[in-house]
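# Residue-level structural notes
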Amino acid sequence: MQYRELKIPGAYEITPRQFGDDRGVFYEWFKQPTFSDATSGALELAQANCSVSAAGVLRGIHYADVPPGQAKYVTCVAGAVLDVAVDLRVGSPTFGQWDAVLLDDVDRRALYLPEGLGHAFCSLADGSTVVYLCSSTYNPECEHEINPLDPQIGIDWPTTGRDGRPLHYELSDKDRAAPSLSDAVTAGSLPRYLG
């Protein structure tokens with residue numbers, strides 16, 4: 001596995017080594033020892049999620065209160081998504097910045113997001129299937145969102161899908177009504193940078 005730290009400190013792109021033949025492909029998409037060596041920490045697993053999305057679906061920007069926070073290790077096992085990490089940690093040198101990784105069923109990369117980062121993705125194909133490991137279980141009282149179309153953050157969302165057709169963004173009502181980054185700062189609902 002190859003690990004590349006993104007411009008958001010603590011977030012990593014992980015590229016697995018694939019072994020293929022005429023029968024198919026085998027690869028390890030998570031391995032604790034190499035993960036711990038690369039990130040200088042362990043990922044405690046408390047929950048695993050799976051999300052299936054049509055082309056153009058935007059999910060996020062989602063984040064959890066810190067503590068307890070929720071670290072995520074994300075991959076796409078079918079289709080393709082542009083997966084985005086957003087630094088929402090007030091006081092961080094990269095606060096408000098984002099970085100993205102293409103997750104698909106070709107390169108089979110993964111994205112690791114530590115506690116305090118926001119997570120969002122845009123599906124680039126019908127049936128895109130995203131699975132992720134989480135360090136804590138879902139707690140609706142600790143979960144929050146920022147509007148993924150907030151111009152202050154300025155995520156450069158793709159405009160065409162994997163098949164070359166234009167994307168028409170679809171958001172949940174909750175994500176569409178989510179506050180902007182500046183509103184979340186004013187409300188004091190964002191995690192603090194610990195250093």
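Refer to the structure above for everything that follows.
Report follows, based on the coordinates. (Residues numbered from 1 in each chain as written. Predicted model: local features only at pLDDT ≥ 70, side-chain atom pairs only at ≥ 80, totals over all residues. Heavy atoms only, no water.)

## Here's the deal with the nonpolar core
Selection rule: Throughout, nonpolar core names a set of buried Ala, Val, Leu, Ile, Met, Phe, Trp, Tyr and Cys residues whose side chains join them through atoms within 4.5 Å. Categorising residues by exposure relies on relative accessible area from a 1.4 Å probe, with only protein chains included: less than 20% of the type maximum marks a residue as buried, more than 50% marks it as exposed, and the intermediate range marks it as partly exposed. Numbering of helices and strands runs from the N terminus; a helix is a DSSP stretch of H or I covering at least four residues, while a strand is a stretch of E covering at least two.
The biggest cluster of nonpolar side chains holds 21 residues, and the ones touching the most others in it are Ile61, Val86, Leu88, Ile146, Ile153, Ile155 and Trp157. The set of elements that each furnish at least two residues to this core consists of strand S6 (58–64), strand S8 (80–87), strand S11 (117–123) and helix H3 (181–187). The greatest single-element share of this core, amounting to four residues, is contributed by S8. Counting residues in each nonpolar core, the second largest holds 16 residues, with Ile8, Leu103, Leu113 and Val130 among its members.

## Some words on the sheet that holds strand S2 (residues 12–15)
Note the cut-off: Any two strands between which DSSP finds at least two bridges are classified as paired. Interaxial angle, 0 to 180 degrees, is taken between N-to-C directions of lines fitted to C-alpha atoms, where a helix line uses only the stretch in contact.
Spatially, six strands are ordered S1-S2-S10-S7-S12-S5 in an open sheet, and the strand pairing comes out antiparallel. Taken across any chain shown, the strands that pair with only one partner, and hence form the sheet edges, are strand S1 (2–5) and strand S5 (47–53). Neighbour to neighbour, the strand axes of the sheet diverge by 20° on average, direction disregarded. Where S2 and strand S10 (residues 110–113) come together, three bridges link them in antiparallel fashion. Paired with glutamate 13 across the strands is leucine 111, a residue of S10.

## Quick word on the pattern of salt bridges
Condition: The term salt bridge refers to a side-chain nitrogen of Lys or Arg lying within 4 Å of a carboxyl oxygen of Asp or Glu.
Counted under the stated rule, the structure contains nine salt bridges. In this structure, the salt-bridge partner of aspartate 87 is arginine 89, at a minimum N-O distance of 2.9 Å. In this pair, the class of aspartate 87 matches that of arginine 89, namely buried. Put simply, aspartate 107 and arginine 109 hold a salt bridge, and the shortest N to O gap is 3.1 Å. Overall, the relative accessible area of 22% leaves arginine 109 in the partly exposed class. Taken together, the shared-partner salt bridges connect Arg4, Glu13, Asp107 and Arg109 into one network.

## Comments concerning unusual backbone geometry
In this model, valine 66 is joined to proline 67 through a cis peptide bond whose omega is -10°. Structurally, proline 67 can be placed in the loop between S6 and strand S7 (72–78). Cis geometry marks the peptide bond from proline 67 to proline 68; its omega dihedral reads 0°. Turning to its location among the elements, proline 68 is positioned in the loop between S6 and S7. A positive phi angle is found at serine 40, which is not glycine, with a value near 60°. With respect to the helices, strands and loops of the structure, serine 40 is situated in the loop between helix H1 (32–39) and S5. Of note in the backbone geometry, arginine 108 takes a positive phi value of approximately 60° without being a glycine. With respect to the helices and strands, arginine 108 occurs in the loop between strand S9 (98–104) and S10. A relative accessible area of 19% means that arginine 108 is categorised as buried.

Read these as spatial facts, not as claims about activity.
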